[in-house]
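Observations on chain architecture
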Amino acid sequence: MSIALLACAIAAIGQQASGSDTVAWPRKVESMVQRHLQRDHGKLWGVRLDTIPLFLGIGNRVFTGVDPQTPGFASIGDGWWSGPLPGGIVISNTALSWANRRWAMMRLPLPEDPLE
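Remember, predicted model here, so these are calculated numbers, not experimental data. (Residues numbered from 1 in each chain as written. Predicted model: local features only at pLDDT ≥ 70, side-chain atom pairs only at ≥ 80, totals over all residues. Heavy atoms only, no water.)

1. Some details on the environment of proline 26
Mapped onto the elements of the fold, proline 26 is located in helix H2 (residues 25–40). Proline 26 sits 38 residues away from threonine 64 along the chain, and the two C-alpha atoms are 8.6 Å apart. (Helix = DSSP H or I, 4+ residues; strand = E, 2+ residues; numbered from the N terminus.)

Following this line, the structure appears as structure tokens:
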């Protein structure tokens, strides 16, 4: 699957999320991302991206794929933690150094247009 198609799929999941789904959809995103990155084996970027933890942000809420060991974050099950957006961080689609880790940060929901 191309990165553009993957982005569209993630956007669709993010846009379907509302209310009680807010906790469930980060797990769906992670599953899809990990599956496709494992298939890629680092060919696209020359690095295995499936080993980098996810930092997903929507509004003032953050979902992380590993325990950030930061006050205000709590486990929501299945290896996910949630907490408030840390001060000084602007959610964007980039890499992030925070809580003694390097994260793959995504602002959700993603645009419907994969080129965006």
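Moving on from the coordinates now.
2. Thoughts on the confidence of the model for the protein chain
For the protein chain, mean pLDDT is 77; residues scoring 70 or higher make up 66% of the total. Overall, residues 1–20 carries pLDDT values under 50, and its contacts beyond four positions in sequence, including any with other chains, amount to 32 contacts. (pLDDT = per-residue confidence, 0-100. Contact = heavy atoms within 4.5 Å.)

3. Description of the sheet that holds strand E1 (residues 54–58)
Strand-to-strand pairing in sheets goes through backbone hydrogen bonds, with the strands running parallel or antiparallel. Spatial strand order, E3-E4-E2-E1-E6-E5: six strands in an open sheet with mixed pairing. Strand pairing shows two members of the sheet lacking a second neighbour, strand E3 (74–77) and strand E5 (94–98), which therefore form its edges. Looking at each pair of strands side by side, their axes are set apart by 35° on average, direction ignored. (Pairing = 2+ DSSP bridges. Axes fitted to C-alpha atoms, helices over the stretch in contact; angles between N-to-C directions.)

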